[in-house]
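For reference, the chains in residue letters:
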Amino acid sequence: MKIPIQINENSAEPLYHQIENQLRSLIITGQLEEGTHLPSIREFAGALNCSVITVRRVYQDLENEGLLRTKQGTGTFVAQVEAGDRENYRLKAAEEAMQVAVQSGKAVGCTEEEMEALFQQALRANYS
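Here goes a summary of the coordinates provided. The model shown is predicted, which means the values in this text are computed figures rather than measured ones. (Residues numbered from 1 in each chain as written. Predicted model: local features only at pLDDT ≥ 70, side-chain atom pairs only at ≥ 80, totals over all residues. Heavy atoms only, no water.)

All right, on to the overall build of the protein then. A tally of regular secondary structure across the protein gives five helices and two strands. Counted from the first residue to the last, the protein has its helices and strands arranged as α-α-α-β-β-α-α. Counting the 128 residues in the protein, one finds 26% classified as buried. Of the contacts made within the protein by residues no fewer than 6 positions apart, 50% connect residues no fewer than 24 positions apart. Entry remark: accessible area of the protein is about 8,900 Å², with carbon and sulfur atoms responsible for 50%. Positive and negative side-chain charges of the protein, numbering 12 and 18 respectively, have mean locations separated by a distance of 7 Å. (Helix = DSSP H or I, 4+ residues; strand = E, 2+ residues; numbered from the N terminus. Buried < 20%, exposed > 50% of the residue type's maximum accessible area, 1.4 Å probe, protein only. Contact = heavy atoms within 4.5 Å. Areas by Shrake-Rupley, 256 points an atom, 1.4 Å probe, with all protein chains shown as cover. Lys, Arg positive; Asp, Glu negative; His and termini not counted. Charge placed at Lys NZ, Arg CZ, Asp CG, Glu CD.)

Moving on to the pairing of strand 2 (residues 75-78). Remember that side chains alternate between the two faces of the sheet whenever the strand is regular. Where strand 1 (residues 68-71) and strand 2 come together, four bridges link them in antiparallel fashion. In the strand pairing of strand 2, Thr70 is matched with Thr76. What sits between the antiparallel neighbours strand 1 and strand 2 is a turn of three residues, in which Gly73 has the positive phi angle 90°. (Pairing = 2+ DSSP bridges.)

This next bit is on the packing of aromatic side chains. Tallied over the full model, the rule gives one aromatic pair. The ring of Tyr16 is capped by Arg57, whose NZ or CZ atom sits 3.5 Å from the centre of that ring. Between Lys71 and the ring centre of Phe77, over which it is positioned, the NZ or CZ distance is 5.6 Å. (Phe/Tyr/Trp six-rings, centres within 6.5 Å; stacked < 30°, edge-to-face > 60°. Lys NZ or Arg CZ within 6 Å of the ring centre and 35° of its normal.)

Here we take up the side chain of Gln18. Position of Gln18 among the secondary structure elements: in helix 1 (residues 15-28). If we skip the residues at most four places from it in the chain, Gln18 touches Gln6, Ile7, Asn8, Ser11 and Glu13.

So, about the packing of helix 2 (residues 41-48) against helix 3 (residues 52-64). Direction vectors running N to C along helix 2 and helix 3 enclose 120°, while the axes themselves pass 8 Å from each other. Along this stretch, helix 2 crosses helix 3, giving a crossing that reads as right-handed. Residue-level contacts link Ile41, Arg42, Phe44 and Ala45 of helix 2 to Val52, Val55, Arg56 and Tyr59 of helix 3. (Axes fitted to C-alpha atoms, helices over the stretch in contact; angles between N-to-C directions. Left-handed = near helix turned anticlockwise from the far one by under 90°.)

Dropping the structure here:
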């Protein structure tokens, strides 16, 4: 199975974080349905051209969150995500992304007003 993960090697965001966020998003939005069998850690690492340790960490983190489940001898699967949990994950992911954006803006000296204007601009650009 080909999982649509895009890695940006020029990003400051760590590789495992890019993979984890995208895989979480695919699960939360239902693009990867409950029961979907994921590639083995070794296969996925090969497909993404990254280390087995990176993929193992992603799988473990998402399993700890309740989004994946591993069955010894059969592999890793997308877990059942209840509608309420799906909503919580969705909002949490958006909130975390906004926190990172605010911290990045603050780090380069943007004012609160500039950040609000940039946020409104991004909303218009993505929801128009």
